Amino acid sequence: MNMEKFRFEITHICKQSGARTGILHTPHGSVLTPMFMPVGTLATVKFVSPEELTAIHAGVILSNTYHLWLRPGADIVKEAGGLHKFMNVERPILTDSGGYQVFSLSDTRKINEDGVTFKNHLNGDTLFLTPEKSIQIQNDLGADIIMSFDECPPFPSTYDYMKNSVERTLRWAKRGKDAHQRSDDQALFGIVQGGEFEDLREMSAKALVEMDFPGYSIGGTSVGETKEIMYKMIDYSIKYLPLEKPRYLMGVGSVDAILEGVLRGVDMFDCVLPTRIARHGTAMSSQGRINIRNQKYERDFTPLDPECDCITCKNYTRAYLKHLNKCNEGLGQRLLSIHNLRYLINLTEQARQAILEDRFLDFKNEYFKLHHLDKPNAKGF
């Protein structure tokens, strides 16, 4: 890895909480952490243009290796000049490895030492994905940050299953690292697994650190476990990861989980949650979740969230957004998606400021109290 092209710089550690801010330097620009990263599975964030992502101050954008392998094909993206040119995105891009599909397509896949056999969810064809193939696809896609191929085991799993899975995933990580052909301009992250088992998380993290990756992900979260167990998974993993390298909590996008992750030293978050709930009429806001379908918004001519600076809140009313949703107009889904993404990006901006002012713990506690997230069994949002 050319450290001039990829480098992580810690800029401040909060004296009150130990949370941290940083700058992630990549070949396609530098971004501030902690940050929330919008998910663009099929080389697009659903309903949101690259220009709109710029307007809401998005840093890194995600894409999905498995899905782009099927459509349009990594060869086509490579011929186009890589994902950045294909998508017309000038900011950093991160691709996952296809490992999550080992979890999500569990009904149609078989795992062995060599890799994973899938059924193509589009046409039923048999596919075989190996650590080497995953890295090759990601090399062709050309993202700034790429992921090791891993198994994301279900929750709950038995100890024996999880131990075998972790050991195989570590062997896959070594194979993927050996196969990586673009270490000069693509940072390959290792992924810590181990489920809810502290000793397996420790084993996974220590073995990956020994392999010396440029960054590390905490995987196997948001797969059905409670928030309390997820926080333990973070704690069991993060204490063995190098302080000087970025830490990425995969698939987490609720407000409470992001702030709890920042408190524990996580730098990067991603999730489809904000855009998925937007397509179903739900908005995150400074007043909690808003279901724009509710009848009470029919004559509500106020902004969706008066504290938000996005184009949705600056230019459109709740009444209009309700109308669009009721008529199933795509503009309504776009405007809510833009807002929800901006909401989480703004949340991480506020978190960074609180860290810089050495008051992150106060910020988190005030936020939780305001949104009733400090109550027992709070659902979060």
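For every chain, the first residue of the written sequence is number 1, and numbering continues from 1 along that sequence. The predicted nature of this model means local features are confined to residues of pLDDT at least 70 and side-chain atom pairs, given and counted, to a pLDDT of 80 or more, with totals for whole chains, interfaces and linings taken over all residues. Calculation of side-chain values draws on the structure's entire complement of heavy atoms; hydrogens and water are dropped beforehand.

Colleague: Provide a residue-level description of the overall build of the protein, including the pertinent values.
Modeller: Every helix listed is a DSSP run of H or I at least four residues long, and every strand listed is a run of E at least two residues long, numbered separately from the N terminus. Secondary structure summary: the protein contains 15 helices and 16 strands in total. Taken against the 2.2 N^0.38 rule, which gives 21 Å for 381 residues, the C-alpha radius of gyration of the protein at 20 Å falls within 12% of a compact globule. The principal-axis extent of the C-alpha atoms belonging to the protein is close to 60 × 50 × 45 Å. Evaluated residue by residue, the protein yields a buried proportion of 57% over its 381 residues. By definition, residues are in contact when any of their heavy atoms lie within 4.5 Å. In the protein, the proportion of contacts linking residues at least 24 apart, taken out of those at least 6 apart, comes to 67%. When the accessible surface of the protein is totalled, it reaches about 16100 Å², and 50% of it is carbon and sulfur. Charged-residue counts in this description rest on Lys and Arg as positive and Asp and Glu as negative, His and the chain ends being excluded. Where a charge lies is defined by one atom per residue type: Lys uses NZ, Arg uses CZ, Asp uses CG and Glu uses CD. Put simply, the protein has 46 plus and 48 minus side-chain charges, and the middle of one group is 4 Å from the middle of the other. The reference for a compact globule is 2.2 Å times residues^0.38; the radius of gyration itself is calculated from the C-alpha atoms. Relative accessibility decides the category of a residue: with a 1.4 Å probe and only protein chains considered, values under 20% of the type maximum give buried, values over 50% give exposed, and everything between is partly exposed. We get accessible surface area from the Shrake-Rupley algorithm with a probe of 1.4 Å; when it comes to residues, only the shown protein chains can shield them.

Colleague: An account of a nonpolar patch on the surface is needed here, citing residue identities and associated values.
Modeller: Surface patches are defined over residues having more than 30% relative accessible area and no salt bridge, joining like charges when they lie within 9 Å and nonpolar side chains (Val, Leu, Ile, Met, Phe, Trp, Tyr) when within 5 Å. Each salt bridge in this description consists of a side-chain nitrogen of Lys or Arg and a carboxyl oxygen of Asp or Glu lying within 4 Å of one another. Taken together, the side chains of Ile10, Ile13 and Leu243 define a hydrophobic patch exposed on the protein surface, amounting to about 280 Å² of accessible area. Tracing the sequence through the fold places isoleucine 13 in strand S1 (residues 7-13).

Colleague: Can you tell me about helix H15 (residues 360-370), naming the residues and giving the values?
Modeller: Within H15 the residues assigned to the buried category are Phe360, Phe363, Lys364, Tyr367 and Phe368. The arc that holds every buried residue of H15, seen down its axis, measures 125°, which confines them to one face. Of the exposed residues in H15, those oriented more than 90 degrees away from the buried face are Glu366, Lys369 and Leu370. On the buried face of H15, the contacting elements are helix H10 (255-263) and helix H14 (330-356). Just beyond H15, the residue with positive phi is histidine 372, at close to 60°. By definition, the arc is the one covered by directions from the helix axis to the C-beta atoms.

Colleague: Outline the packing of aromatic side chains, supporting the account with residue identities and numerical values.
Modeller: Between the rings of Phe, Tyr and Trp (Trp by its six-membered ring), a pair exists once the centres lie within 6.5 Å; its type follows the angle of the planes, with under 30 degrees stacked, over 60 edge-to-face, and the other angles tilted. Following the criterion strictly, the structure yields eight aromatic pairs and no others. Ring centres 5.0 Å apart and planes at 20° place the aromatic pair phenylalanine 149 and tryptophan 172 in the stacked group. Placement of the pair is phenylalanine 149 in the loop between strand S10 (145-147) and helix H7 (159-179) and tryptophan 172 in helix H7, with a sequence separation of 23 residues. Classification of phenylalanine 149 as buried rests on a relative accessible area of 1%.

Colleague: Quick rundown of the packing of helix H13 (residues 318-326) against H14? Include the residues and the values.
Modeller: Under this scheme, a helix contributes an axis fitted over its contacting stretch, all axes are lines through C-alpha atoms, and angles between N-to-C directions fall in the 0 to 180 degree range. Across the interface, H13 lies against H14 with an axial gap of 7 Å and an inter-helix angle of 130°. As the angle between them shows, H13 and H14 are arranged oblique. Read as a crossing pair, H13 and H14 show a hand that is left-handed. Side by side, H13 and H14 meet where Tyr320, Leu321 and Leu324 of the first sit next to Leu331, Gly332, Leu335 and Leu336 of the second. Gly counts as polar in this scheme, as do all residues outside two lists: the nonpolar Ala, Val, Leu, Ile, Met, Phe, Trp, Tyr, Cys and Pro, and the charged Asp, Glu, Lys and Arg. Residue classes in the contact of H13 with H14 are distributed as six nonpolar, one polar and no charged. With respect to orientation, any angle under 35 degrees is reported as roughly parallel, any angle over 145 as roughly antiparallel, any angle of 65 to 115 as roughly perpendicular, and every other angle as oblique. The hand of a helix crossing depends on one turn: near helix anticlockwise from the far one by less than a right angle means left-handed, and clockwise means right-handed.

Colleague: Describe in detail the nonpolar core, supporting the description with residues and values.
Modeller: Buried residues of nine kinds, namely Ala, Val, Leu, Ile, Met, Phe, Trp, Tyr and Cys, make up a nonpolar core once their side-chain atoms join them within 4.5 Å. Ranked by size, the top nonpolar core spans 79 residues in total, and within it Leu259 and Phe360 carry the most contacts. For this core, the element with the most residues is H14, which contributes nine residues. With near-sequence residues (within four places) excluded, leucine 259 lies in contact with Leu347, Ala351, Phe360, Phe363, Lys364, Tyr367 and Phe368. One finds Phe6, Val31, Met37 and Val60 within the second-largest nonpolar core, a separate group that totals 18 residues.

Colleague: Explain empty space enclosed by the protein to me, and be specific about the residues and the numbers.
Modeller: Of the grid points, spaced at 1 Å and generated over the protein atoms alone, those admitting a 1.4 Å probe that cannot get out make up cavities, while open sets with protein on both sides within 12 Å along at least five of seven lines make up pockets; any residue with an atom within 4 Å of a point is treated as lining. Grid points are joined across faces, edges and corners, and a volume is the space filled by probe spheres set on the points. Within the structure shown, the criterion is met by one cavity of 30 Å³ or more. Taken as a whole, the largest cavity spans an internal volume of roughly 40 Å³. In this structure, the largest cavity is lined by Pro153, Pro154, Phe155, Met162, Gln193, Gly195, Gly220, Val223 and Met233. Looking at the lining of the largest cavity residue by residue, the classes come out as six nonpolar, three polar and no charged.

Colleague: Describe the pattern of salt bridges, and please don't skip the residues or the numbers.
Modeller: Across all of its chains, the model carries 23 salt bridges by this definition. One salt bridge in this structure joins arginine 7 and glutamate 9, with 3.8 Å as the shortest N-O distance. By relative accessible area, which is 30% here, glutamate 9 ends up partly exposed. With its nearest N and O atoms 3.3 Å apart, the salt bridge here joins lysine 364 to glutamate 260. Within this pair, whereas lysine 364 is found in helix H15, its partner glutamate 260 is found in helix H10, the two being separated by 104 residues in sequence. Neither residue differs from the other here; lysine 364 and glutamate 260 are each classed as buried.

Colleague: Could you give an account of the sheet that holds strand S8 (residues 116-119), naming the residues involved and the relevant values?
Modeller: Strands are labelled as partners when DSSP assigns at least two bridges between them. Read from one edge to the other, the open sheet built from three strands follows the order S7-S8-S9, with strand pairing classed as antiparallel. A single partner strand is all that each edge strand has here, and the edge strands are strand S7 (110-111) and strand S9 (126-129). Sheet analysis places S7 next to S8, joined by two bridges and oriented antiparallel. Paired with lysine 110 across the bridge in S8 is threonine 117.

Colleague: Would you mind going over the pairing of S9 in detail, with residue names and values included?
Modeller: Of the two faces of S9, only one is covered, namely that formed by Leu127 and Leu129; the face formed by Thr126 and Phe128 stays uncovered. Linking S8 back to S9 in an antiparallel pair, the connection comprises six residues, with glycine 124 at a positive phi of about 85°.

Colleague: Describe the side chain of threonine 348, and please don't skip the residues or the numbers.
Modeller: With respect to the helices and strands, threonine 348 occurs in helix H14. Exposure remark for threonine 348: the relative accessible area of 2% places this residue in the buried category. In terms of polar contacts, threonine 348 uses its side chain to reach the backbone carbonyl oxygen of isoleucine 345, at 2.7 Å. Not counting chain neighbours up to four residues away, the residues in contact with threonine 348 comprise Pro34, Met35, Phe36 and Ile258. Residues adjacent in sequence count toward polar contacts only when both atoms are side-chain atoms; beyond that, a polar contact is any pair of N or O atoms within 3.5 Å, and within protein one must be able to donate a hydrogen and the other to accept it.

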